[in-house]
Amino acid sequence: MRMTPLTDRFGVEIHGVDLSTLEHTGYTHIRALFEEHSALLFRGQDLSDTAHIRLANFFGPIEDRLADERDKDEAFTVPQVSNVREDGSTTDEMDLHTLHLKANMLWHADSTFLPVPALTNILTARVVTMTGGATELASSRAGWADMPEHLKAKVQDTGFWHRYAHSRARISPDLAALPMFHKWPDQLWRAVWRNPVNGREALYIASHAYAVEGMDAETGAALIDELTAFVTQPQYVYSHQWQVGDVLIWDQRAVLHRGTAWNHKEPRVLSSICVSATPDDGVDAMRLIV
């Protein structure tokens, strides 16, 4: 196993690892790199859905947002981030599904609107576009470390309210009105996530964040925008141009991400499994009781 950096602030590409045959001892080493570098890239992988699920299970419990809609005997299927319909055609530019994909182009961490947020996303490329369609990562750990103290002080001891429909409303009110974006009550998470393994802190924010606890709506919204802009400056960002077989794994506690635009007439298919954070990952300490 050897590594090359993705940026000078965070992230590494790992060479010489076949994720489809990974064993627990290999995972232990990869998990240590995950804690330290926040984002891991593996190229040239042949990860079946079964292997994808197996890999995710090493990290923790798999998130299943459709569990309440699935029959008891119906197995979990790997979610896809895709603009491809069942008949092979692609969704229209203003189709609600396409608008949902556009909402993913806002900087966010996954599942901050759930009662248990995500620890990581394990994303692998199945079909890629000729141009565009990158996934960008921003280190909210590096950004927080560089942030001026006066700005940190505004949120150090408070938290953000998160709502799934909020991020969708920024794209389309019709999109935000869909029942799937109202399945969970609003969530309040502390603004700073301290990694329990190494003690390093990161700003925990997302496009789903709509308010700062203890602030009026206008002041809080402006602060959320200011903080997000700070930690997504170019020096904190890695832009990944997908190749089929790439696997990208990142720490949702310390990294924001977004998709970038592509010609929606071109098919794009990524398989995505989120893993839920556990008490060992520090999630209990993130619950702000008011």
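Everything in this summary refers to the structure shown in the same document. (Residues numbered from 1 in each chain as written. Predicted model: local features only at pLDDT ≥ 70, side-chain atom pairs only at ≥ 80, totals over all residues. Heavy atoms only, no water.)

Focus: the overall build of the chain
Within the chain one finds eight helices and 15 strands. Relative to the 2.2 N^0.38 estimate, which gives 19 Å for 290 residues, the radius of gyration of the chain is 18 Å and therefore close to what a compact globule would have. Counting only C-alpha atoms and orienting by the principal axes, one finds that the chain spans roughly 45 × 45 × 40 Å. The buried share of the chain, reckoned over its 290 residues, is 53%. Considering only intrachain contacts with a sequence separation of at least 6, the fraction spanning at least 24 residues in the chain is 83%. Here the chain contributes 26 positive and 39 negative side-chain charges, whose respective centroids are spaced 3 Å apart. (Helix = DSSP H or I, 4+ residues; strand = E, 2+ residues; numbered from the N terminus. Rg over C-alpha atoms; globule rule 2.2 N^0.38 Å. Buried < 20%, exposed > 50% of the residue type's maximum accessible area, 1.4 Å probe, protein only. Contact = heavy atoms within 4.5 Å. Lys, Arg positive; Asp, Glu negative; His and termini not counted. Charge placed at Lys NZ, Arg CZ, Asp CG, Glu CD.)

A few points about the side chain of D281
Relative to the elements of secondary structure, D281 occurs in the segment after β15 (269–276). Discounting residues that sit within four places of it in the chain, D281 has contacts with R31, L119, W193, P196, R253 and S276.

Structural notes on the sheet that holds strand β13 (residues 247–251)
Reading across from one edge, β1-β2-β3-β13-β5-β15-β4 is the order of the seven strands in this open sheet, with mixed pairing throughout. A strand with exactly one partner marks an edge of an open sheet, and here the two such strands are β1 (2–5) and β4 (80–82). Each strand axis lies, on average, 25° off the axis of its neighbour in the sheet, ignoring direction. Where β1 lies against strand β2 (residues 12–15), four bridges are found, and the strand directions are antiparallel. Within β2, the position partnered with P5 by the bridge is V12. Its contacts with the sheet place helix α1 (residues 24–37) against β1, β2, β3 (39–42), β5 (118–127) and β13, and it is angled at close to 130° to β3. (Pairing = 2+ DSSP bridges. Axes fitted to C-alpha atoms, helices over the stretch in contact; angles between N-to-C directions.)

As for the packing of aromatic side chains
Summed over the entire model, instances satisfying the criterion amount to nine aromatic pairs. Considering the side-chain rings of W193 and Y204, the 5.0 Å spacing of their centres and the 75° angle between planes classify their relative orientation as edge-to-face. Highlighted residues: W193 in strand β9 (residues 192–194) and Y204 in the loop between β10 (201–203) and β11 (209–212), separated in sequence by 11 residues. Neither residue differs from the other here; W193 and Y204 are each classed as buried. Chaining the aromatic ring pairs together yields one cluster made of Y27, F34, F58 and F59. It is R163 that lies over the ring of Y210; its NZ or CZ is 4.1 Å from the centre. Seen from the ring of W262, R268 lies directly overhead, with NZ or CZ sitting 4.6 Å from the centre. (Phe/Tyr/Trp six-rings, centres within 6.5 Å; stacked < 30°, edge-to-face > 60°. Lys NZ or Arg CZ within 6 Å of the ring centre and 35° of its normal.)

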